Amino acid sequence: MSAVLESQAVESTETFERVPVGAPEYNRIVEFLYEEAALLDQIRLTEWAATLATDLVYNAPLRETRGSAHQAATYVRSVQHYHDDYRSMMGRIMRLTGKSAWAEDPPSRTRRLVTNVMVRKTAKPDEFAVVSYLLVTRSRFNFDEFDLISAERHDILRKDGSSFKLARREILLDQAVLGTPNLAIFL
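Keep in mind that this is a model prediction, so the values were computed, not measured.

1. Looking at helix α4 (residues 86–97)
Item 1. A rise of 1.5 Å per residue sets the reference length of α4, with its 12 residues, at 16 Å; its end C-alpha atoms lie 16 Å apart and thus fit the reference within 8%.
Item 2. Turning to α4, its buried residues number three or more, namely Met 89, Met 90, Arg 92, Ile 93 and Leu 96. Along the axis of α4, the buried residues cluster in a sector spanning 160°; they form a single face. Set apart from the buried face of α4 by more than 90 degrees, the exposed residues are Arg 87 and Met 94.
Item 3. The secondary structure elements touched by the buried residues of α4 are α3 (45–49), β2 (52–63) and β3 (75–85).
Item 4. Sitting at the amino-terminal end of α4 is Asp 85, which places a side-chain oxygen 3.2 Å from the backbone nitrogen of Arg 87.

2. Considerations on the side chain of Arg 138
Item 1. By secondary structure assignment, the location of Arg 138 is in strand β5 (residues 127–139).
Item 2. Of note is the side chain of Arg 138, whose polar atom sits 2.9 Å from the side chain of Ser 108.
Item 3. With near-sequence residues (within four places) excluded, Arg 138 lies in contact with Glu 104, Ser 108, Arg 109, Thr 110, Phe 146, Asp 147, Thr 180, Asn 182, Ala 184 and Ile 185.

3. A look at the environment of Arg 18
Item 1. In this fold, Arg 18 is placed in strand β1 (residues 15–19).
Item 2. Put simply, Arg 18 and Val 130 are 112 residues apart on the chain and 9.8 Å apart in space, counted from C-alpha to C-alpha.

Cut-offs and rules
- Residues numbered from 1 in each chain as written.
- Predicted model: local features only at pLDDT ≥ 70, side-chain atom pairs only at ≥ 80, totals over all residues.
- Heavy atoms only, no water.
- Helix = DSSP H or I, 4+ residues; strand = E, 2+ residues; numbered from the N terminus.
- Expected span 1.5 Å × (residues − 1).
- Buried < 20%, exposed > 50% of the residue type's maximum accessible area, 1.4 Å probe, protein only.
- Arc of directions from axis to C-beta.
- Contact = heavy atoms within 4.5 Å.
- Polar contact = N/O pair within 3.5 Å; in protein donor to acceptor, adjacent residues only side chain to side chain.

Here it is as structure tokens:
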């Protein structure tokens, strides 16, 4: 990541007071996350793309299993499952909605469950730091088994009129070895 993006990410993630559960802003953020999950589950990727900020940073670092004394180093940010910006994300969406997405043709059937949402204010009055848990079930073809993908997400949501834009997302996967053949879906 460039030094400019790194400094923006650090500046944007400085957090302040928590937004209480049930507060109007909290409810709007949870509603945004639920609507986002529905758009992705229903494979409405073009509509989902409209919720992304043009300065988007979207990443999922690799996870390593480490001993108790080294838990702070379990995520390796120099190697990532995803490391996208707005432009590369738009390319992925175009590929998945076109005819060249062999990894997702036919598309996976997914269900995203978003829970444990915690919201904090940031140094920027129009941005919120949001932590949520994600559980994705993924079914492929006519197989009788399905994949489970669980993660903790760290987002920066920016106010955009009456809704929000996703400006940053870091997906901290719970598994060191993923039990899914590819990660061609969005988390």
